[in-house]
Amino acid sequence: LNKGMWHGIEVLDTSFVEFATSPAPACTDGIYGGHIWLNRGNNVFPDAPEDLFFFSGFQGQYVCGIPSKQLIVVRLGVQGDDPFVMNEVLKFICESVPTI
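Quick look at the structure, then. (Residues numbered from 1 in each chain as written. Predicted model: local features only at pLDDT ≥ 70, side-chain atom pairs only at ≥ 80, totals over all residues. Heavy atoms only, no water.)

### Regarding the overall build of the chain
What counts here: Secondary structure elements are defined from DSSP: runs of H or I of at least 4 residues count as helices, runs of E of at least 2 residues count as strands, and each element is numbered from the N terminus. The globule rule used here is 2.2 Å times the number of residues to the 0.38 power, and the radius of gyration it is set against is calculated over C-alpha atoms. The classification of residues rests on relative accessible area computed with a 1.4 Å probe and restricted to protein chains. Under 20% of the type maximum is buried, over 50% is exposed, and intermediate values are partly exposed. For this analysis, residues touch if any pair of their heavy atoms sits within 4.5 Å.
What the chain contains, in helices and strands, is two helices and six strands. The order of helices and strands in the chain, counted from the N terminus, is β-β-α-β-β-β-β-α. Against the compact-globule benchmark of 13 Å for 100 residues, the chain has a radius of gyration of 14 Å, which places it among compact chains. In terms of principal-axis extent, the alpha carbons of the chain reach across some 40 × 35 × 25 Å. In the chain, which comprises 100 residues, the proportion classed as buried is 32%. Summarising the internal contacts of the chain: among those between residues at least 6 apart in sequence, 23% fall at separations of at least 24.

Pasting the structure below:
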């Protein structure tokens, strides 16, 4: 969030943040940036903001950043036999938090 800045301190180089959250040239559908998945066109999580970017881990683990909501969502649970729909969780959270 904040293009790599935290309270006026550069935590991540802003050019790296721009690279990571921009569609990779080789990715024709725009859903992959620089080692980060993107929700461009709402094609991964249709009920979440388009500016969402995320890391997708093993068995349903996610770290999602949503700049328009100034929000980071982390799910460390394990996907078992019961279906877990991250889109529904993100929809609920995003509806509960005002857009900045």
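### Some words on the sheet that holds strand β4 (residues 53–56)
As a reminder of what qualifies: Whether two strands pair comes down to DSSP finding at least two bridges between them.
Taken in spatial order, the four strands of this open sheet run β3-β4-β5-β6, and their pairing is antiparallel. Each edge of the open sheet carries a strand with a single partner, namely β3 (37–38) and β6 (71–75). With five bridges joining them, strand β5 (residues 62–66) and β6 adopt antiparallel strand pairing. Paired with valine 63 across the bridge in β6 is valine 74.

### A few points about the environment of glycine 60
Inspection of the secondary structure puts glycine 60 in the loop between β4 and β5. For glycine 60 and valine 78, which are 18 residues apart along the polypeptide, the C-alpha to C-alpha distance reads 5.9 Å.

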